[in-house]
Amino acid sequence: MPVLPGAEPYRHEGGEVGVLLCHGFTGSPQSLRPWAQYLAGRGLTVALPLLPGHGTRWEDMQLTTWQDWYAEVDREFRALVERCKQVFVVGLSMGAALALRLAARHGDAVSGVVVVNPANKVHGLSAYALPVARHLVRTTKGITSDIAKEGVEEIGYDRVPLHAAHSLRIFFRLVDGELPQVTQPLLLLRSPQDHVVPPADSARILSRVSSTDVTEILLEQSYHVATLDHDADRIFEESHAFIGRLAPGAGTEPGESGTSVAAGIPEKAGGTEDPVGDREGTATGG
């Protein structure tokens, strides 16, 4: 199936400091592309892959599992390590869980971790029904476009395939057990008004990682997809400052040399149509 317009992966060849960005469950690289372009514009080498089963149609995602999603970011990470002297991993929601697992498994090869509204658990009674329900019902309502900013919509699926959601639940449990192995500097940014992932997930992550260099920042003006929301600029600036502190060789000026391979980032109307109440209690950790 062709990739949805705007959901294409993004890569930029910059300097010797690399950043791997991981998008969320049922989402696409579009949700992180402005962030990736910001970092690329400051001379960093950037990789923003499209996770298997994403960016086309939900039926394709139904055939994938967490092993497929993690394998993709692991390949991208290893490629960056070969190319760069230092590599940072960042992610949104489920992408944050992918980034944390990379940090837990790759140790000193990861120089730092940045997570935005990180997901750690599939919540609600529906989570316990997933092992059986996935054989009876194919999908449930989607979780994309939880954005406060008017006129902005996340490119992703309007349905959540339950086989994939079941695999996501297994993955979260795995990552939770590996969190004590995360020792790298950690920057966690979260939205108090998040209708997909509750604050308990961030609290759980902060309580279990072994990192001693930890910063938590609240994104007061944004919902779940904060990277496309009112606080996007703050995320970009804080993450760049974090990387610059830990990697003195990181680019600091916009427009440094490098080549990029990217698609446009279309904005669509209707990003706030779903009522807040419909999202609560059914979160799957996008």
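Residues numbered from 1 in each chain as written. Predicted model: local features only at pLDDT ≥ 70, side-chain atom pairs only at ≥ 80, totals over all residues. Heavy atoms only, no water.

The name that an unreviewed UniProt entry assigns to the protein is Alpha/beta fold hydrolase, with the source organism given as Streptomyces himalayensis subsp. himalayensis.

To continue, consider helix 3 (residues 66–83). End to end, helix 3 covers 26 Å across 18 residues, agreeing with the expected 26 Å (1.5 Å per residue, within 8%). Of all the positions in helix 3, only W66, W69, Y70, E72, V73, D74, E76, F77 and L80 are classed as buried. (Helix = DSSP H or I, 4+ residues; strand = E, 2+ residues; numbered from the N terminus. Expected span 1.5 Å × (residues − 1). Buried < 20%, exposed > 50% of the residue type's maximum accessible area, 1.4 Å probe, protein only.)

All right, on to the pattern of salt bridges then. All told, the structure shown has 13 salt bridges when counted by the stated rule. Among the ionic pairs, E72 bridges to R75, the shortest N-O distance being 2.7 Å. Remark: R75 and E72 occur in helix 3; sequence separation between them is three residues, near one turn of the helix. For E72, a relative accessible area of 16% translates into the label buried. Judged by relative accessible area, R75 falls into the partly exposed class, the value being 49%. Note that R208 and D176 form a salt bridge whose closest N and O atoms lie 3.6 Å from each other. Pair noted here: R208 is in helix 7 (residues 199–208) and D176 is in helix 6 (residues 162–178), with a separation of 32 residues, a long-range link. With a relative accessible area of 14%, D176 lands in the buried category. Here the salt bridges do not stand alone but share partners, grouping R101, R105 and E178 into one network. (Salt bridge = Lys/Arg side-chain N within 4 Å of Asp/Glu carboxyl O.)

Now for unusual backbone geometry. Positive phi values are uncommon outside glycine, yet T26 reaches one of about 70°. Within the secondary structure layout, T26 lies in the loop between strand 2 (17–22) and helix 1 (33–40). Judged by its relative accessible area of 0%, T26 falls in the buried class. Unusually for a residue other than glycine, N117 sits at a positive phi of about 45°. Among the secondary structure elements, N117 is positioned in the loop between strand 5 (112–116) and helix 5 (125–133).

Glancing now at the side chain of N120. Inspection of the secondary structure assignment puts N120 in the loop between strand 5 and helix 5. Within polar-contact distance, the side chain of N120 engages the side chain of D176 at 3.4 Å. (Polar contact = N/O pair within 3.5 Å; in protein donor to acceptor, adjacent residues only side chain to side chain.)

Of all hydrophobic cores here, the largest spans 48 residues; its most connected members are L20, F25, W69, L100 and V113. In terms of residue count, the dominant contributor to this core is helix 4 (residues 94–106) (nine residues). The next biggest cluster of nonpolar side chains, apart from the first, holds 34 residues, and it includes L44, V46, F88 and I147. (Core = buried A, V, L, I, M, F, W, Y, C linked by side-chain atoms within 4.5 Å.)

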